[in-house]
Amino acid sequence: MVGREGLRTEELDLCFDKLMVFGCSGGIGGTKMGVAGMITEWKDIPMELLLRIVSLVDDRTVIVASGVCSGWREAICWGLTQLSLLWCKNNMNNMVLSLAPKFTKLQTLILRQDKPQLQDNAVEVIASYCHELQDLDLSKSFKLSDSSLFAVAHGCQNLTKLNISGCSAFSDTALAYLATFCRKLKYLNLCGCVKAASDKALKAIGDNCNVLQSLNLGWCEKVGDAGIMRLAYGCPDLRAVDLCGCVLITDDSVIALANNCLHLRSLGLYYCQNITDRAMYSLAHSRVNNKHELWKSVKKNMREEEEGLINLNISQCTALTPPAVQAVCDSFPALHTCPGRHSLIISGCLSLTSVHCPCSGVQAHRAANALLHPAH
């Protein structure tokens, strides 16, 4: 979004009236403006001031403002770096076709949809004109085909964040192709990309996107150990990995992540029912095994590095036993099972109800004391 909230027409008029007063009484920003330099019409507003005004309004107003005159269009086209069309419920495709050639300096473009509107021709225009894009959200674009990913691969190679969750028509061939060109990716959301997310694609991501930090593979049922292991070896800076619903993965995937991704903070294993105690113990032991490496890495970030896992979802992993999960909980103090701080999620695992974080014991002790010694 360009601004946090839109300005009503009367508020914009009030701003203009103030500009008129400033112009008559000595100028803007301390610069005296005579009659000849007075701002008398909207078109006379200096570019810098116009861009400040534009930063206060919503994206819909910015688009309207870009059509006021050539001066405004030029200023906005050069100054606009973020745009969201979340508000556009109809005709988004034609709007993108019209706007992309104008807003060539965009770095963030949010095109998430409630109902599928975008087509390949719109994404191809984006890729042709918006070469500075770093953050692109195409989620729920069910109508897009591989042509869109091929276009993005060639035209948007500065991407660091890509969200194509729910784009179920993309193939793993197209995703692998994109990975060979968009090597700066740090955040990649593939949730629900059932055709695109496969071991073939993950191997390409692991080989090329070596600075990747966050990957969502939720409900990508084709993903197996071969892909995750290559990913773990090729992307050592991974911080967050969501494998919820990846039913094929086994302990080998978790072990590879534990041993190679020393900065891992969040791991989702919901419904990964092939995961056993072996994977849990590997996570617990990685804390000890990696301490030496963490000390060697960035000492200035020692506090952050020492946190380790702060989120772990093992719901419906019914093969796990309490001792193994307790070992993980004991190894990573940031994992909590206590009320209000659930970061170790074990719902659906009745056998794990005895697993507790240290502070839950403290809270239980306080509760017991409160019952024994009620306040008067």
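All figures in this text were calculated on a predicted structure; none of them were measured in a lab. (Residues numbered from 1 in each chain as written. Predicted model: local features only at pLDDT ≥ 70, side-chain atom pairs only at ≥ 80, totals over all residues. Heavy atoms only, no water.)

Caption draft 1: Region of interest: the overall build of the chain. Secondary structure summary: the chain contains 16 helices and 10 strands in total. Residues counted as buried form 47% of the 376 residues belonging to the chain. Long-range contacts, defined as pairs at least 24 residues apart, comprise 77% of the intrachain contacts of the chain with a sequence gap of at least 6. For the chain, the computed accessible surface area is about 18,300 Å², with 56% contributed by carbon and sulfur atoms. (Helix = DSSP H or I, 4+ residues; strand = E, 2+ residues; numbered from the N terminus. Buried < 20%, exposed > 50% of the residue type's maximum accessible area, 1.4 Å probe, protein only. Contact = heavy atoms within 4.5 Å. Areas by Shrake-Rupley, 256 points an atom, 1.4 Å probe, with all protein chains shown as cover.)

Caption draft 2: Region of the structure containing empty space enclosed by the protein. The final tally for this structure, using the stated rule, is 4 cavities of 30 Å³ or more. Space inside the second largest cavity adds up to approximately 50 Å³. Its residues assigned to classes, the lining of the second largest cavity shows 8 nonpolar, no polar and no charged. (1 Å grid on protein atoms, 1.4 Å probe; cavity = no way out; pocket = protein on both sides within 12 Å on 5 of 7 lines; lining within 4 Å. Points joined across faces, edges and corners; volume = space filled by probe spheres on them. Nonpolar A, V, L, I, M, F, W, Y, C, P; charged D, E, K, R; others polar.)

Caption draft 3: Region of the structure containing the sheet that holds strand β7 (residues 240–242). Across the sheet, 10 strands lie side by side as β1-β2-β3-β4-β5-β6-β7-β8-β9-β10; this open sheet has parallel pairing. Both outer strands of the open sheet, β1 (82–84) and β10 (344–345), are each paired with one neighbouring strand and no more. Bridge count between β7 and strand β8 (residues 266–268): 3 bridges; the pairing is parallel. Bridge pairing in β8 places alanine 240 opposite serine 266. (Pairing = 2+ DSSP bridges.)

Caption draft 4: Quick look at the packing of helix α9 (residues 199–208) against helix α10 (residues 225–234). Where α9 contacts α10, the two axes come as close as 8 Å, and the packing angle between them is 5 degrees. Judged by the angle between their axes, α9 and α10 are roughly parallel. Counting all contacts with α9, which are made through Asp199, Leu202, Lys203, Ile205, Gly206 and Asp207, the residues of α10 involved are Ala226, Gly227, Ile228, Arg230, Leu231 and Gly234. Taken together, the residues of the contact of α9 with α10 break down into 5 nonpolar, 3 polar and 4 charged. (Axes fitted to C-alpha atoms, helices over the stretch in contact; angles between N-to-C directions. Parallel < 35°, antiparallel > 145°, perpendicular 65-115°, else oblique.)

Caption draft 5: Looking closely at the packing of aromatic side chains. Using the criterion set out here, one finds 4 aromatic pairs in the structure. Geometrically, the ring pair formed by tyrosine 270 and tyrosine 271 is tilted, given 6.1 Å between the ring centres and 40 degrees between the ring planes. Taking the relative accessible area as the measure of exposure, tyrosine 270 reaches 28% and is therefore partly exposed. Grouped by ring-pair contacts, the aromatic residues Phe150, Tyr177 and Phe181 constitute a single cluster. (Phe/Tyr/Trp six-rings, centres within 6.5 Å; stacked < 30°, edge-to-face > 60°.)

Caption draft 6: Focus on the pattern of salt bridges. Applying the stated rule across the entire model yields 7 salt bridges. A salt bridge links arginine 239 to aspartate 237; its shortest N-O distance comes to 3.0 Å. For aspartate 251, the salt bridge is made with arginine 278, and the minimal N-O distance between the two is 4.0 Å. Separated by 27 residues along the polypeptide, aspartate 251 in helix α11 (residues 251–260) and arginine 278 in helix α12 (residues 277–289) bring together distant segments of the chain. Residue classification places arginine 278 among the partly exposed positions, given a relative accessible area of 49%. Linked through salt bridges whose partners overlap, the residues forming this network are Asp251, Asp252 and Arg278. (Salt bridge = Lys/Arg side-chain N within 4 Å of Asp/Glu carboxyl O.)

Caption draft 7: Inspection of helix α2 (residues 47–54) at higher detail. Of the residues making up α2, those classed as buried are Leu50, Ile53 and Val54. One face of α2 carries all of its buried residues, which in axial projection span an arc of 100 degrees. Projecting away from the buried face of α2 at angles above 90 degrees are the exposed residues Glu48 and Arg52. (Arc of directions from axis to C-beta.)

Caption draft 8: Here's a closer look at the environment of leucine 352. Summarising the element assignment, leucine 352 is placed in the loop between β10 and α16 (358–372). Given a relative accessible area of 0%, leucine 352 falls into the buried group. Sequence separation between leucine 352 and leucine 320 is 32 residues, and the spatial gap between their C-alpha atoms is 7.8 Å. The residues touching leucine 352, leaving out its near neighbours within four places in the chain, are Ile314, Leu320, Thr321, Pro322, Val325 and Ile346.

Caption draft 9: Representation of the environment of valine 211. For valine 211, the location among the structural elements is in the loop between α9 and β6 (214–216). With a relative accessible area of 37%, valine 211 lands in the partly exposed category. Residues valine 211 and proline 236, spaced 25 residues apart in sequence, show a C-alpha to C-alpha distance of 7.8 Å. Setting aside residues up to four positions removed in sequence, valine 211 forms contacts with Arg183, Lys184, Leu185 and Lys186.

Caption draft 10: View of the confidence of the model for the chain. Within the chain, residue pLDDT values average 85, and 79% of them lie at 70 or more. Segment residues 1–7 is flagged for pLDDT under 50; beyond a separation of four residues in sequence, or across chains, it makes 24 contacts in the model. For the stretch residues 19–36, pLDDT sits under 50, and the model shows 20 contacts to residues farther than four places along the chain or on other chains. (pLDDT = per-residue confidence, 0-100.)

Caption draft 11: How the structure looks around a nonpolar patch on the surface. A surface patch of nonpolar side chains, about 360 Å² in accessible area, is lined by Trp219, Val247, Leu248 and Tyr271. Within the secondary structure, tryptophan 219 sits in the loop between β6 and α10. By relative accessible area, which is 39% here, tryptophan 219 ends up partly exposed. (Patch = residues over 30% accessible without salt bridge, like charges linked within 9 Å, V, L, I, M, F, W, Y side chains within 5 Å.)

Caption draft 12: Focus on the nonpolar core. Membership of the largest hydrophobic core comes to 110 residues, with the highest contact counts inside it found for Leu267, Leu269, Met280 and Ile314. Sequence-distant contacts of leucine 269, defined by excluding residues within four places in its chain, comprise Leu243, Cys244, Ile249, Val254, Met280, Leu312, Asn313, Ile314, Ser315 and Cys317. (Core = buried A, V, L, I, M, F, W, Y, C linked by side-chain atoms within 4.5 Å.)

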